[in-house]
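Fold and contact review
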Amino acid sequence: MRAEMKVSGIVQGVGFRPFIYRIAVKNGLKGYVRNRGDAVVEIVVEGRKDGINQFLKELEAEKPPLSRIYNITTAYKTEEKGFSEFSIIKSSGETEVSGSVIPPDVSICDNCLRELRDPANKRFNYFFITCTNCGPRYTIIDGLPYDRPNTTMNEFKMCSFCQSEYEDPANRRFHAQTVACPECGPEAQLASNNGELIDCEDPIKEAGKLLEEGYVVAIKGNGGFHVSASTTKTEPLVKLRQAKHRKNKPFAIMSPNLETVRSFAEMNPCEAELLTSYRKPIVLLKKGSNYCLSELVSPELHTVGVMLSYTGLHAMLFDDVKEPAFVMTSANPPSEPIVTDNTEAIKKLGSTVHYFLVHNRGIAQRCDDSVVRFHGKNLCLIRRSRGYAPEPIQMKQASELCVLAVGGELNVTSCILTGDKAFISQHIGDVENLETLRFMKKSIQHLTKLTNCNFEAVACDLHPKFTTTKLAYELGNRLGCPVVQVQHHHAHAAALMTEWNVEEVVGIVCDGYGYGQDGTAWGGEVLYCNREGFKRVGHLEAHPMVGGDLATYFPLRMAAGILHKKVDVTEWLTSMSGKFPHGKNEVELVLKQLEKGSVPETTSCGRVLDAVSALLGICYERTYEGEPAMKLESVALRGKDKLNLPPRLNENVLDTTVLVHEILTNKDKISVADLACSAQSYLARGLALLAVEVAEGLKVKHVGFSGGVAYNEHITAAMRKTVNNAGLKFLVHNKIPAGDGGTSFGQAVVAGFQKR
Ligand SMILES: [Zn+2]
Ligand SMILES: [Zn+2]
Ligand SMILES: [Zn+2]
């Protein structure tokens, strides 16, 4: 008999065809397997009925580790066509909307790592060693089906050795599209900072030594360039911070293995598992008591972002050195996307670095490293990118509309919603300039092509002036489909609702900024949210932002604005004038503006945390997003809620003036750590109480927490306690970023699922 199958899921680029070949032959079947242009695998087998049944059993039970099967359709026919053998045949270009997609990049597997170290192996010390189970995928693919001509390996013709492995069903590189060796594959080269090639025996090991000696090296990886430096020496880190105009923002680092990581950081089993998984994201780990790296790596934070080497090239960097880790930060000029092209790199990074370590394989899609942290066992995705994108989020419900969502302004991702799957793009960044916008458009195009989607709606933020809002209208016009504008915090709450598949939620959404329904700045919100929309049912007290955006960068301005409501701040502010960039003059200006009033206000939770951070002398200037609040969290870790201030609610507004004022009055009586902890606790308990009251009134069973502040472990834990004590269920994210990288998903589900 004959069976014709279509398998959808992540089934291309994961060794699926070779696997099918093996189980078909094993079960005495004839026929073929091939890739289709929509990332589906098509199989036809002929043979005895029990052989086919066994084949199907094994297909599901023994599928390759990286594959995901979403759906298998099988049609049985009695008549046979009479194949002479089973074979992998030429891919077809056929496409339909299948929900299938190519896998994310997969870090080097143990088998390849072993061969890389084996002097007897053909690929000994060959940096671009890969197999059917590992290597770049998303970043190497120009189009589908996943065959070599559709990747940037196209220009490397396999040598006879690689070809023989590629054709050998018993070989683990049977049909591995990225197969290559030193003879036929990409080459690595070391170059000076103006691009002149440097002759050396092994450019990669040489680069490792240069890093250890204190040089700064730009390194081309799979999804873009990194800038790399020693983590134990001061000078290269100072140079790097100056060149990148990056005063304090922590650098991610890369280590060769877990054992080395343990020499400077703490790890729980979940963290260790993800660090060594095929995804290998940057995991924010607690610095260990034995922390021995330079303070300049992650200044004044209790965490350090660590990833393990994830390609042959990265592994080899550590071969001849003693450094426990290298800085490995995305190489991008300020507010531009990560650099991917060799010539562009030399132009844009030449003045930042001493050397370049490059290779001659093109990068089809740029992709930054992912960043995560754990709250105990719960995974919090901060940046969902390499190792995750474009793997879809599987939802419990299917959307009737196919939606494209374009996110907001900061930490932007795009999202394609089709059926019961949501494809979130890699991290795009802050869409404020042309370069990033171009990257965004390109990634949307790529993802659209990969998923074969025809959009029926475009979703974006409510802010009328965001670049992404304009982009959404442009796309809506071109595609002839409606544009749905979604309020920022609604998007956060809707994302949480969909992640947990609940019909309604009281969502606490705390972040830095979101454009409110009334046009004012929101950011400490309690929303009742269901499938029909949302209602703002509570929020933090609104406070003046003296100087507008300046109050974001210099949080003493926020503190002054808050305190001014209760006390005369003249004396205190004057005593702080040394902490303002323009000293006394600036203080006078701030005072004048406060007297005059009519300053724009915000309910942002981030701004209150910033104000407390400045008031406690922890951070006076924000040099990167979240800095004052992150440093506050690090200090609070050592403290207790000594203030134990009862939350003061005026109607459904949490009073925060009382909090900031109490902190000022107790500054000399209670330690900074205890006050930092007390501030976080007050906000957490207050917002949770507010949400619980609303939930009880509306008989809603779930209270959720989203927004960038949800990365704060203490605030999340304190909220959970209050909510659980009230007998309600507390929801947080673990598949979608709580921060703004998750809002494209939220926008998409609002546009796709909302009842009209
Ligand atoms: Zn491998
Ligand atoms: Zn070869
Ligand atoms: Zn947000």
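The sections below set out a description of the structure shown in this document. (Residues numbered from 1 in each chain as written. Chains lettered and ligands numbered in written order. Predicted model: local features only at pLDDT ≥ 70, side-chain atom pairs only at ≥ 80, totals over all residues. Heavy atoms only, no water.)

Okay, the overall build of the chain next. Each helix and strand in the chain was counted, giving 23 helices and 29 strands. By the compact-globule yardstick of 27 Å for 756 residues, the chain fits well, its C-alpha radius of gyration being 27 Å. Seen along its three principal axes, the alpha-carbon backbone of the chain occupies a region of about 90 × 60 × 45 Å. Relative to all contacts within the chain whose residues are 6 or more apart in sequence, the contacts with residues 24 or more apart total 72%. Side chains of the chain give 87 positive and 87 negative charges; the mean places of these two sets differ by 2 Å. (Helix = DSSP H or I, 4+ residues; strand = E, 2+ residues; numbered from the N terminus. Rg over C-alpha atoms; globule rule 2.2 N^0.38 Å. Contact = heavy atoms within 4.5 Å. Lys, Arg positive; Asp, Glu negative; His and termini not counted. Charge placed at Lys NZ, Arg CZ, Asp CG, Glu CD.)

With that settled, consider the coordination of the zinc ion (ligand 3). Around the zinc ion (ligand 3), the protein contributes the donor atoms His 488 (NE2), His 492 (NE2), Asp 511 (OD) and Asp 740 (OD), at 2.1 to 2.2 Å from the metal centre. What the four donor atoms of the zinc ion (ligand 3) show is an angle range of 89 to 164° at the metal, which sorts the shape as irregular. (Donors = N, O, S within 2.8 Å, 3.2 Å for Na, K, Ca; no water. Tetrahedral: all angles 85-135°; square planar, octahedral: opposite > 155°, others 65-115°.)

Protein coordination of the zinc ion (ligand 2) is provided by Cys 159 (SG), Cys 162 (SG), Cys 181 (SG) and Cys 184 (SG), with donor distances spanning 2.2 to 2.3 Å. Metal-centred angles of 104 to 116° between the four donor atoms at the zinc ion (ligand 2) mark the site as tetrahedral. Coordination of the zinc ion (ligand 2) draws on donor residues from a single chain, spaced C-x2-C-x18-C-x2-C in sequence. One end of the pair, Cys 162, is in helix H4 (residues 160-167); the other, Cys 184, is in the loop between H4 and strand E6 (188-192), and 22 residues separate them in sequence. Assessed through its relative accessible area of 0%, Cys 162 is described here as buried. (Buried < 20%, exposed > 50% of the residue type's maximum accessible area, 1.4 Å probe, protein only.)

What follows is about unusual backbone geometry. Each neighbour pair has its own omega, and for Leu 144 with Pro 145 the value is -5°, a cis peptide bond. The residue Pro 145 is located in the loop between helix H3 (110-116) and H4 in this model. The omega angle of the peptide bond from Ala 389 to Pro 390 is 5°, so this bond is cis rather than trans. Inspection of the secondary structure assignment puts Pro 390 in the loop between strand E16 (378-383) and strand E17 (393-405). Here Asn 125, not a glycine, exhibits a phi torsion of approximately 60°, which is positive. Structurally, Asn 125 can be placed in the loop between H3 and H4. Although it is not a glycine, Lys 699 adopts a positive phi angle of roughly 60°. As for its position among the elements, Lys 699 is in the loop between helix H21 (672-698) and strand E28 (702-706).

With that settled, the discussion passes to the sheet that holds strand E19 (residues 457-461). The strand order across the open sheet built from four strands is E18-E17-E19-E20, with neighbouring strands paired in mixed fashion. Where the open sheet ends on each side, the last strands, each with one partner, are strand E18 (415-424) and strand E20 (483-486). Between one strand axis and the next, the sheet turns by 60° as a mean value, whatever way the strands run. Two elements, E17 and E18, share six bridges in a ladder whose sense is antiparallel. Residue pairing in the sheet places Ile 393 in a bridge with Ala 422 of E18. Contacting E17, E19 and E20, helix H12 (residues 467-479) runs over the sheet at an angle of about 170° to E19. (Pairing = 2+ DSSP bridges. Axes fitted to C-alpha atoms, helices over the stretch in contact; angles between N-to-C directions.)

Right, let's get into the environment of Ala 738. Inspection of the secondary structure puts Ala 738 in the loop between strand E29 (729-731) and helix H23 (743-753). You can call Ala 738 buried: its relative accessible area is 6%. Filtering out sequence-adjacent residues up to four positions away, Ala 738 remains in contact with Leu 381, His 492, Ser 706, Gly 707, Gly 708, Ala 710, Tyr 711 and His 733.

For the structure shown, the criterion picks out 42 salt bridges. Here Arg 172 ties to Glu 115 by a salt bridge, and the two come within 3.0 Å at their closest N and O atoms. In this pair, Arg 172 sits in the loop between H4 and E6 while Glu 115 sits in helix H3, placing the two residues 57 residues apart along the sequence. With a relative accessible area of 16%, Glu 115 lands in the buried category. Between Arg 536 and Glu 525 there is a salt bridge, and its shortest N-O distance comes to 2.6 Å. (Salt bridge = Lys/Arg side-chain N within 4 Å of Asp/Glu carboxyl O.)

What follows covers the nonpolar core. Core analysis: the biggest nonpolar cluster contains 93 residues, and Ile 20, Ile 43, Phe 55 and Leu 317 have the highest contact counts within it. Filtering out sequence-adjacent residues up to four positions away, Ile 20 remains in contact with Val 33, Ile 43, Phe 55, Leu 59 and Phe 86. Judged by nonpolar contacts, the second largest core, of 77 residues, contains Val 608, Ala 611, Ala 614 and Tyr 711. (Core = buried A, V, L, I, M, F, W, Y, C linked by side-chain atoms within 4.5 Å.)

On to the pairing of strand E22 (residues 521-530), then. Of all 10 residues in E22, nine are buried; the element is thus mostly enclosed. By the bridge criterion, nine bridges tie strand E21 (residues 504-515) to E22 in an arrangement that is antiparallel. Note that in E22 the partner of Gly 514 across the bridge is Trp 522. A loop of five residues connects E21 with E22, the two strands running antiparallel in sequence, and Gly 519 in this loop sits at a positive phi of about 85°. Where E22 lies against strand E23 (residues 533-540), six bridges are found, and the strand directions are antiparallel. Bridge assignment links Tyr 528 to a residue of E23, and that residue is Lys 535.

Under the counting rule described, the total for this entry stands at nine aromatic pairs. Ring geometry for Tyr 21 and Phe 174: centres 5.2 Å apart, planes at 70°, overall edge-to-face. Highlighted residues: Tyr 21 in helix H1 (residues 16-26) and Phe 174 in the loop between H4 and E6, separated in sequence by 153 residues. One exposure class covers both Tyr 21 and Phe 174, and it is buried. Taking the centre distance of 5.5 Å and the plane angle of 80° together, the rings of Tyr 215 and Tyr 355 count as edge-to-face. Here the residue Tyr 215 occupies a position in the loop between helix H5 (203-213) and strand E8 (217-220), and Tyr 355 occupies one in strand E14 (residues 355-359), the gap between them amounting to 140 residues. Linked through ring pairs, Tyr 21, Phe 86 and Phe 174 together constitute an aromatic cluster. Cation over ring: Lys 122 sits above Phe 161, and NZ or CZ is 5.0 Å from the ring centre. (Phe/Tyr/Trp six-rings, centres within 6.5 Å; stacked < 30°, edge-to-face > 60°. Lys NZ or Arg CZ within 6 Å of the ring centre and 35° of its normal.)

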